Amino acid sequence: MNQRTSRWSAVIAFAFVGAATQLLWLTFAPVTTAAAEHYGVSESAIGWLANVFPLLYVVLAIPAGLLLDRWFSLALSAGAILTAVGGVIRLVGDDFAWVLIGQTLIAVAQPLVLNAITGITGRYLAEQYRAAGIAVGSASTFGGMILAFLLGAILPDGDQLPTLIAIGAIFAVVAAVVLVLALRTPGQHHHARPPAGLGALRIAWSDPFIRRLCLLVFFPFGTFVALTTFAQPLLEPAGVSSSTTSVVLLLNVVAGVVGCAVLPIVAAKRGWELSIPAVGGLAAAMGCVAMALAPGAVVAGVALVLIGFLLLPALPIVLELTERRSGAAEGTAAGLIWMSGNLGGLVVATVVGLLVHHPGPAFFIAAIAAVLALPVLARLRPYLHPTPVREFGPSGG
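First things first, this report covers the structure right here in the doc. (Residues numbered from 1 in each chain as written. Predicted model: local features only at pLDDT ≥ 70, side-chain atom pairs only at ≥ 80, totals over all residues. Heavy atoms only, no water.)

Across its full length, the protein carries 17 helices and zero strands. Relative to the 2.2 N^0.38 estimate, which gives 21 Å for 397 residues, the radius of gyration of the protein is 20 Å and therefore close to what a compact globule would have. For the protein, the spread of C-alpha atoms along the three principal axes comes to 55 × 50 × 40 Å. Counting all 397 residues of the protein, 55% fall into the buried class. If you take every contact in the protein between residues at least 6 apart in sequence, the share linking residues at least 24 apart comes to 85%. Here the protein displays about 15600 Å² of accessible surface, and carbon together with sulfur accounts for 71% of that area. Treating the 18 positive side-chain charges of the protein as one cloud and the 15 negative ones as another, the clouds have centres 18 Å apart. (Helix = DSSP H or I, 4+ residues; strand = E, 2+ residues; numbered from the N terminus. Rg over C-alpha atoms; globule rule 2.2 N^0.38 Å. Buried < 20%, exposed > 50% of the residue type's maximum accessible area, 1.4 Å probe, protein only. Contact = heavy atoms within 4.5 Å. Areas by Shrake-Rupley, 256 points an atom, 1.4 Å probe, with all protein chains shown as cover. Lys, Arg positive; Asp, Glu negative; His and termini not counted. Charge placed at Lys NZ, Arg CZ, Asp CG, Glu CD.)

This is how it looks when you write it as C-alpha cells:
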C-alpha cells in the first residue's frame, strides 16, 4: 500500500473528539470543592460526575464494540454527537441535575468513541502508519485530561463554572462536526463485517491472545487510576501540599502524553511491544515502593513522572496489538480491552482507597498491581510473530 491510501485528517478529527470526551469527563475534578458549593451538593456528589464514566464503560464497552464492528461510521458519529449534546445539556440550567444528565449522556457516548481508536486507524491508514495513528489517538485522550486540569486551574471559582462548562461544550461541538464531516468519506481499507448478533464477541473472546491482553491491561490501568485518585491524601501525611500534588499529577499526565506519542511507535518498529510494558510495570512498582518508603515531593515528582512516561504507553501498545490480531471484530476486541482497564481501575483504586489512611501499605498494593502484569507479559510472548519493520509518521497525508 502506498502513502496515498492514508487519510490522517480523519484520524486527527477523531483525536479531537477523543480529547473532548476526557475534557468533559474531568471538568469538575480540579474544582470539586467550588462546584459542590456552587450547586449546593456534597463533594461526593460532584465526584460521581466523574465516577459514572468508568462504571458505565464497564457496562457499555461490549455493546459499543459490537455496534462499531457492524456500523462503524454511524456508531462513531453517534458517539461524537452524543458527546457534544451532553456537553451542551450541561449549560441548559445552572444546577446539579442538568449537569448530571449531561455527564451521563457523555459517559454513554464515551465507549462509542474510545473503542473506535483501532477502527479509525485500520480504515483510514495504511498498515505501516497504524501504530502511529493509535499512538496519536491514545495520546489525545491524555491531552484532554491535561486541558481539563489547566482550565480548572485558570477558572477555579464557583462563579466561573458556566464559563468552564461552555468552553467544554464548544470544544465538543466543533470536534463532533469536524469528525462527522470527515467520516462522510469512507476509509480506503476494506474491513469485513463480523457475523450478526454476538458474532464479533465470540470471535474476539475465543482468541487467547486477546484474553491475555485484557488481563494485562487490567493491572497498569489499576495502578494508574489508583495513584491519580489517591496520590494527594496518600502524600499529605509526608507534608506534600495539595497544590504540589496537583502539579505533580499534571506532569504525570504530560509525561504520559509524550510517552504515548513516542514509545508505541518505537515498540512497533523495533519489536519491543512486550519489553516496553515490562519496563513500565517495573518502573511503576519501583516508584510506588519509593513513595512508600521515602514519601516526599521530590520522590513523588520523579516517581510519578516516570510512571506516566513508561506505564501509560502500555495502552496504545496493547491497542495496536489488538488491531493487528482482531480483524473484523476489532471494535469489540478494543471494547474488551477498555472494559478490562476500567474494571482494573475500579478494583485497584477501591482497594487502595480502603487504605488511604495508611500510605505505606496503599503504595505497596499499587506496586503489587503493577508487578502482576509481568507474568502476563511472559505468557504473551509465544503469540507474537516477527513482523516487517514499518515506516512511521503522518507524511502520507
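The grouping of Val88, Val173, Val177 and Leu181 at the surface amounts to a nonpolar patch, some 300 Å² of accessible area in total. Within the secondary structure, Val177 is located in helix H8 (residues 161–183). (Patch = residues over 30% accessible without salt bridge, like charges linked within 9 Å, V, L, I, M, F, W, Y side chains within 5 Å. Salt bridge = Lys/Arg side-chain N within 4 Å of Asp/Glu carboxyl O.)

Summed over the entire model, instances satisfying the criterion amount to seven aromatic pairs. Both rings, one in Phe28 and one in Tyr39, keep their centres 6.5 Å apart while their planes meet at 70°; by these two values the pair is edge-to-face. Taken together, the residues Phe28 in the loop between helix H1 (8–25) and helix H2 (32–39) and Tyr39 in helix H2 connect sequence positions eleven residues apart. The exposure class of Phe28 is buried, given its relative accessible area of 2%. Owing to a relative accessible area of 11%, Tyr39 belongs among the buried residues under this scheme. Here Phe142 and Phe224 contribute two aromatic rings whose centre-to-centre distance is 6.3 Å and whose plane-to-plane angle is 85°, an arrangement assigned as edge-to-face. One end of the pair, Phe142, is in helix H7 (residues 130–154); the other, Phe224, is in helix H10 (residues 208–235), with 82 residues separating them in the sequence. Note on Phe142: relative accessible area 5%, which makes it buried. Since its relative accessible area comes to 10%, Phe224 is described here as buried. Aromatic ring contacts, followed pair by pair, group Tyr57, Phe221 and Trp338 into a single cluster. (Phe/Tyr/Trp six-rings, centres within 6.5 Å; stacked < 30°, edge-to-face > 60°.)

Here the focus is helix H3 (residues 43–70). Given a rise of 1.5 Å per residue, 28 residues ought to cover 40 Å, and the 41 Å separating the end C-alpha atoms of H3 matches this to within 8%. Along its length, H3 shows its largest kink, about 50°, at Leu60, and proline Pro63 lies within four residues downstream of that point. Backbone nitrogen of Ala45 and a side-chain oxygen of the N-cap are separated by 3.1 Å at the start of H3; the cap is Ser42. (Expected span 1.5 Å × (residues − 1). Bend = angle between axes of the 7 residues up to and from the residue. Polar contact = N/O pair within 3.5 Å; in protein donor to acceptor, adjacent residues only side chain to side chain.)

Pairing is possible between side chains that carry opposite charge, provided their charged atoms lie close to one another. Going through the model one piece at a time under the given rule, you end up with two salt bridges. A salt bridge links Glu273 to Arg324; its shortest N-O distance comes to 2.4 Å. Here Glu273, found in the loop between helix H11 (242–270) and helix H12 (275–293), pairs with Arg324, found in helix H14 (residues 314–326); they are 51 residues apart in sequence, far enough to count as distant. Here Glu273 falls in the buried class, since its relative accessible area comes to 5%. Judged by relative accessible area, Arg324 falls into the partly exposed class, the value being 27%. With a shortest N-O distance of 3.0 Å, Glu320 and Arg324 are connected by a salt bridge. Highlighted residues: Glu320 and Arg324, both in helix H14, separated by four residues, approximately one helical turn.

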